[in-house]
Amino acid sequence: MAQRIADWGYIVLAPNVFYREGTAAELAPALDMTTPEGREAAGAAAFPRVGRLTTDKALPDIDAWVQALRGLDGVAPGPIGVTGYCMGARLAVRTATAHPDEVAACGGFHGGGLATDEPDSPHLGLGTARARFVFGHADHDRSMDAAAVARLGEALDAAGLQSANEIYAGAPHGYSMADTSAFHPEATERHFRELRDLLDGTLKS
């Protein structure tokens, strides 16, 4: 997925957000996730790691990612874009709100926990953001239900941000993950179109 975005003409940084838990190779699932049972088992192993990546840990990591990206050869001066999937959507939003002068584009796809009742819910920081946002939510997602989608939309509007905040009908949580039973080709291609439009419209204009 990172390579596909790079093929559009961008330098892409894909950090191992779980580096505290081990290398990417060590944490890669060894199960066949193309079956519902395998995906569920892989999720059971991953969810505790997600829970341990608290906001106080994520924010210094985000600062490091932005600094590292700026230091890569070929990165042009000017704004950057961020995107994330599942829990990565939360990290993308936190990057946009923590670095409003640098992040011009933020995508989030089948994201979970973007607008909760917790005091550090990502949507609560949108007042500081300046980016354009595009969200493609999974349908009937327990981690981001219709009420949460509406709450996110209200926060985007209250902040005066340009945004799209849509539920992809029939697309399950994890729809972009081609190596799992949740893969939904039509939703995946839709997300790539909308993500490219977002990046090209903000970073190449």
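Residues numbered from 1 in each chain as written. Predicted model: local features only at pLDDT ≥ 70, side-chain atom pairs only at ≥ 80, totals over all residues. Heavy atoms only, no water.

Participant: Report on the overall build of the protein, specifying residues and quantitative values.
Facilitator: On a plain count of helices and strands, the protein comes out with seven helices and four strands. Order of helices (α) and strands (β) in the protein, N terminus to C terminus: α-α-α-α-β-α-β-β-α-β-α. Counting only C-alpha atoms and orienting by the principal axes, one finds that the protein spans roughly 45 × 40 × 35 Å. The burial tally for the protein puts 41% of its 205 residues in the buried class. For the protein, the accessible area works out to roughly 10500 Å², and carbon and sulfur atoms hold 54% of it. For the protein, the separation between the mean place of its 17 positive charges and that of its 27 negative charges on side chains is 2 Å. (Helix = DSSP H or I, 4+ residues; strand = E, 2+ residues; numbered from the N terminus. Buried < 20%, exposed > 50% of the residue type's maximum accessible area, 1.4 Å probe, protein only. Areas by Shrake-Rupley, 256 points an atom, 1.4 Å probe, with all protein chains shown as cover. Lys, Arg positive; Asp, Glu negative; His and termini not counted. Charge placed at Lys NZ, Arg CZ, Asp CG, Glu CD.)

Participant: How would you summarise unusual backbone geometry if you had to cite specific residues and measurements?
Facilitator: The backbone of Cys86 shows a phi angle near 55 degrees, a positive value even though the residue is not glycine. Topologically, Cys86 is positioned in the loop between strand E1 (80–85) and helix H5 (87–98). By relative accessible area, which is 19% here, Cys86 ends up buried. For His140, which is not glycine, the phi torsion reads 50 degrees and is therefore positive. Turning to its location among the elements, His140 is positioned in the loop between strand E3 (132–137) and helix H6 (146–158). Residue class for His140 comes out exposed when judged on its relative accessible area of 76%.

Participant: Any chance you could break down the pairing of E3 for me, citing the residues and the numbers?
Facilitator: Taking burial as the measure, the six residues of E3 include five buried ones, the bulk of the element. Pairing between strand E2 (residues 103–109) and E3: five bridges, direction parallel. Bridge assignment links Cys106 to a residue of E3, and that residue is Phe133. Relative to strand E4 (residues 163–167), E3 runs parallel, the two being bridged by five bridges. Looking at E4, one finds that Phe133 is bridged to Ser163. Regarding the hand of the β-α-β motif, the stretch spanning E3, H6 and E4 is right-handed. (Pairing = 2+ DSSP bridges. Right-handed = clockwise from strand over helix to strand, strands pointing away.)

Participant: Give a detailed account of H6, specifying residues and quantitative values.
Facilitator: In a regular helix each residue adds 1.5 Å, so 13 residues correspond to 18 Å; H6 covers 18 Å between its end C-alpha atoms and thus fits that length. Listing the buried residues of H6 in full gives Ala148, Val149, Leu152, Gly153, Ala155 and Leu156. Down the axis of H6, the smallest arc covering the buried residues is 160 degrees, so these residues share one side. Every exposed residue of H6 that faces more than 90 degrees away from the buried side is listed here: Ala146, Glu154, Asp157 and Ala158. Tucked into the core, H6 has its buried residues touching E3 and E4. Of the residues trailing H6, Gly160 is marked for its positive phi of about 70 degrees. (Expected span 1.5 Å × (residues − 1). Arc of directions from axis to C-beta. Contact = heavy atoms within 4.5 Å.)

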